[in-house]
Structure formats: structure tokens, C-alpha cells
Amino acid sequence: MDFAIAHGLQGLETFAGIPGSVGAAVYGNAGAYGHSLSERVAGVRFHDGREIRVFTNEECQFQYRESIFKRHKDWVVFSAELLLEHADAGRLRETADGILKVRNEKFPVTMKCAGSIFKNLLFEELPAAAAAEVPASAVREGKVPAAWFLEQVGAKGCRRGDIHVASHHANLIYNGGAGTASDLCALIEDLKARVRAQFGMDLEEEVQYVG
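An account of the accompanying structure is given in this report. Keep in mind that this is a model prediction, so the values were computed, not measured. (Residues numbered from 1 in each chain as written. Predicted model: local features only at pLDDT ≥ 70, side-chain atom pairs only at ≥ 80, totals over all residues. Heavy atoms only, no water.)

1. Describing the sheet that holds strand β12 (residues 163–165)
- Strand order in the open sheet formed by four strands is β8-β13-β12-β11, with antiparallel pairing between adjacent strands. The sheet is open, and its two borders are formed by β8 (113–116) and β11 (159–160), each paired with just one other strand.
- Pairing of β12 with strand β13 (residues 172–175) involves three bridges; the strand directions are antiparallel. Directly across from H164, in β13, lies its bridge partner Y174.
- The sheet strands contacting helix α6 (residues 181–199) are β11, β12 and β13, and the helix crosses β12 at an angle near 30°. (Pairing = 2+ DSSP bridges. Helix = DSSP H or I, 4+ residues; strand = E, 2+ residues; numbered from the N terminus. Contact = heavy atoms within 4.5 Å. Axes fitted to C-alpha atoms, helices over the stretch in contact; angles between N-to-C directions.)

2. What to know about the environment of E59
- Tracing the sequence through the fold places E59 in the loop between β5 (52–56) and β6 (76–82).
- Residue class for E59 comes out partly exposed when judged on its relative accessible area of 37%.
- With 127 residues separating them along the chain, E59 and A186 place their C-alpha atoms 36 Å apart.
- The contacts of E59, once residues within four sequence positions are left out, are V54 and I68. (Buried < 20%, exposed > 50% of the residue type's maximum accessible area, 1.4 Å probe, protein only.)

3. Describing the pairing of β5
- The sheet contact formed by strand β4 (residues 41–47) and β5 spans five bridges and is antiparallel. Looking at β5, one finds that R45 is bridged to V54.
- Here β4 folds back onto β5 in antiparallel fashion, the turn holding four residues, of which G49 has a positive phi close to 100°.

4. Remarks on the sheet that holds β6
- Across the sheet, three strands lie side by side as β5-β4-β6; this open sheet has antiparallel pairing. Only two strands of the sheet have a single partner each, and these edge strands are β5 and β6. Between one strand axis and the next, the sheet turns by 20° as a mean value, whatever way the strands run.

5. What about unusual backbone geometry?
- If you check the backbone angles, N29 has positive phi at about 45° while not being a glycine.
- Mapped onto the elements, N29 comes out in the loop between α2 (22–28) and β2 (31–32).

Rendered as C-alpha cells:
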């Protein structure tokens, strides 16, 4: 992202502050602030366990925070070809810095967290009863933040052991210092159960489990 900005290439500035690698960004179709990597991918070079292959954007089967690579976890992404436009580097830097400021306020760098836990939801895919409860002001670029649903079920401030839901953001779970993986999983399941009981739908984790 910084390399692209320094060279006056537009298209990745909204990714400011998102940790991870290019391969991981392709895998999860990473994005923020109304944009996803799929908008910029021309092709992806990867190994399927037998040979090196190249997929076009369409073959990657990108969806919101999804790609074909999530369904083939044994595939290894080597590289991605991105299509970017020329733009003023100063303006791009200003945009990225503004986003980074907001992100650092929401997810302080000293906080032990993995960012947003649950995916936001596409409004058009919500169950009719749930969609009827969502105010127009909560719908952003066709999506409803998972945090909105979590706030309605009292998620803020919930905890399990030393694992906490932040008081300022219902979709942020952090480790107070001595939390365990089992505590985290239990809290996640509790939050999903609350939303399911009230809205009749399942939240889906954006984070990926290891082990």
C-alpha cells in the first residue's frame, strides 16, 4: 500500500492499517471503507498442490470477504497482478492517513485483538424480519455492520474470563492479558447465539481459526 501511494498509484489507499500479506488479502478478499481487493485483481498465481496455475479475477470467485481460495485451504497464493490508476501521491497519502487515524482510534495498536471478529452483512441478503428492524442510517454501501446487531443484543462490555468485547465497539473482542482461546471461542458462540435468538440469523466470523 505504501509503495503504491509513493508511486502515485490509486486503488489501495483504503487498505491503510490492515495487517497481513498480499496472499492473505486475496484469500479473504480483504477490504475496508467500501472497497475490496477484488476490484483491483487482474490475476492470481498460485500452487494447487500439483502445479502452478494462474486464475483470472472471475475464476477467483470473489464475493464479500470470500474467494475460491477459502474453499481450497491447501492452495498457496504466490502473487497477484493488480490494476491501479495514476493519481496524485499527496492526495492518496492524505486519504490513507485519515483512514489510519480512524482505524487506530477504533483498534489501538496496543490492544491485543484481531480487528473485527464478524463479517458485516449484505442488507439484501438479510432475513425479511431482520431487515425490517434495521434503520436506514445503519445501512452503508449496501451493508449493515455486524456491530449494529451486536449492540442490539447487549454485546458491548461482555466478557468471558479475560476476553472482553470493547465498550466502544461491539465487533471488537480483545484479550485483557490472560484470556485463552477457549474463552474467546466461548464468547464468540455466546454472541452468535444472542443474535440468532433475536434476529433469526447467524453472524459469520471474519477471522480464521488456526488449529
